[in-house]
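# Structural features, examined
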Amino acid sequence: MVAHSTKPRFGTLLTAMVTPFTDEGAVDLDAAQKLAAHLVDGGNDGLVVTGTTGETPTLTDDENVAMFKAVMEAVGDRAAIIAGTGTNDTAHSINLSRRAQEVGVDGILLVTPYYNKPSQAGVRAHIEAIADATDVPVMLYDIPGRTGIPMETDTIVALSQHERIIALKDAKGNLLETTKVIARTDLDVYSGDDGMTLPLMAIGGKGVVSVTAHVAAPQYRALVDAALAGDFETARRLHFELDPVQRALMTHIQGAIAAKQVLHWQSVLPNSVVRLPLVQPTAEELNPVKADLAEAGWEI
């Protein structure tokens, strides 16, 4: 088994940040900075900016870069900032990654190319081309439920040999394959599925890149710290306490929509505006969200 470092470069609790918008639909950089500070104050030691939860498919490159700059300015001295620069267009991804490097981000998140469904050789060539074009550390992102194809274990192992590819956000939902990755590489592996945080950490994962941590960062901080310390009794208790909150944010409506809605209810965001093709939830769609939060003992 490969020996793993004890201090992940990107931290152990990262939130995949939403991108706040004004009532008119423009990127709200002031709200983004306030949200970033709120998340770091709550226990995050890393943030992913304009990943999928940040609605990056509907952002212009200038909006992406403005978000990188704003969050770096707000909390870059207190947390690792990972820029979501991966697309299904290699040249576009290289350009955006270079712009992120100019801002000074700590890393870039590269998702498996979506929609065009390349072969595994194409996936590897795409990611290596981006990693070769910058000097920024890379976190891979494997989420076949969104991209249409997995990043297969042999591909991940091959990519782990690249000097700048140091981490994996694993949203594959297959602990057997994740076990192989942890055993065969020195990547820092993070759960990309909130509900799998404890199981993945039990086999050697370093933490989580979470959506639900938008609204429950202190609880995730405690869970991750307990798991890293080998205190699985505490970690299990927190895992079960967080279950209805995770269900509220991740199982009824799209994650960015749910996170923005709950953050608005908590008065952390001034609104819950999303961009098309995402739309505001109906009252009926929000009822099960409220029911799950009530089960967790939250008053909304």
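The structure presented is a predicted model; accordingly, all values stated were derived computationally and were not measured.

### Description of the UniProt feature "active site" (unreviewed entry) in the protein chain
Mapped onto this structure's residue numbering, the UniProt feature "active site" (unreviewed entry) falls at Tyr 141 and Lys 169. In three dimensions, the annotated residues from a span of 29 residues occupy one location, with a maximal C-alpha spread of 4.7 Å. Within the fold, Tyr 141 resides in strand β5 (residues 138–142). You can call Tyr 141 buried: its relative accessible area is 5%. Beyond its immediate stretch of four places on either side in the chain, Tyr 141 contacts Thr 52, Leu 109, Leu 110, Val 111, Thr 112, Met 151, Lys 169 and Ala 171. For Lys 169, the location among the structural elements is in strand β6 (residues 165–170). In this structure Lys 169 comes out as buried when scored by relative accessible area, which is 6%. Setting aside anything within four residues of it in sequence, one finds Lys 169 in contact with Ala 16, Leu 109, Met 139, Leu 140, Tyr 141, Asp 142, Tyr 190, Gly 192 and Val 209. Within polar-contact distance, the side chain of Lys 169 engages the side chain of Tyr 141 at 3.4 Å.

### Considerations on the sheet that holds β5
Strand order in the closed barrel formed by 8 strands is β1-β2-β3-β4-β5-β6-β7-β8, and the pairing between neighbours is parallel. Neighbour to neighbour, the strand axes of the sheet diverge by 25 degrees on average, direction disregarded. Relative to strand β4 (residues 107–111), strand β3 (residues 80–84) runs parallel, the two being bridged by 3 bridges. Residue Ala 83 lies in a different strand from β4, and its bridge partner there is Ile 108.

### Some remarks on unusual backbone geometry
Residue Leu 276 is joined to Pro 277 through a cis peptide bond whose omega torsion reads 15 degrees. If you trace the backbone, Pro 277 turns up in the loop between α11 (255–265) and α12 (283–295). Unlike most non-glycine residues, Tyr 115 shows phi in positive territory, near 70 degrees. For Tyr 115, the location among the structural elements is in the loop between β4 and α4 (120–133). The exposure class of Tyr 115 is exposed, given its relative accessible area of 76%. Although it is not a glycine, Lys 117 sits at a positive phi angle of roughly 50 degrees. Locating Lys 117 in the fold gives a position in the loop between β4 and α4. Lys 117 gets classed as exposed once you look at its relative accessible area, which sits at 54%.

### Some remarks on helix α2 (residues 61–75)
The end-to-end C-alpha distance of α2 is 21 Å, a good match for the 21 Å that 15 residues give at a rise of 1.5 Å each. For α2, the full list of buried residues reads Glu 63, Asn 64, Val 65, Met 67, Phe 68, Ala 70, Val 71, Met 72 and Val 75. Of the surrounding elements, those touching the buried residues of α2 are α1 (29–41), β2 (46–49), β3 and α3 (90–103).

### Observations regarding the pairing of strand β7 (residues 188–191)
Of the two faces of β7, the one lined by Asp 188 and Tyr 190 and the one lined by Val 189 and Ser 191 are each fully buried. Of the strand pairs in this sheet, β6 and β7 are connected by 4 bridges, and their pairing is parallel. Residue pairing across strands places Asp 170 opposite Ser 191, the latter belonging to β7. Between β6 and its parallel partner β7, the chain crosses via helix α7 (residues 175–184), and the hand of that crossover is right-handed. The pairing of β7 with strand β8 (residues 207–210) spans 2 bridges and is classified as parallel. Of the residues in β8, the one forming a bridge with Tyr 190 is Gly 207. In this fold, β7 hands off to helix α8 (residues 197–202), which returns the chain to β8; that crossover is right-handed.

Reading guide: rules and limits
Residues numbered from 1 in each chain as written. Predicted model: local features only at pLDDT ≥ 70, side-chain atom pairs only at ≥ 80, totals over all residues. Heavy atoms only, no water. UniProt positions renumbered as here; feature names shortened; annotations may be inferred. Helix = DSSP H or I, 4+ residues; strand = E, 2+ residues; numbered from the N terminus. Buried < 20%, exposed > 50% of the residue type's maximum accessible area, 1.4 Å probe, protein only. Contact = heavy atoms within 4.5 Å. Polar contact = N/O pair within 3.5 Å; in protein donor to acceptor, adjacent residues only side chain to side chain. Pairing = 2+ DSSP bridges. Axes fitted to C-alpha atoms, helices over the stretch in contact; angles between N-to-C directions. Expected span 1.5 Å × (residues − 1). Right-handed = clockwise from strand over helix to strand, strands pointing away.

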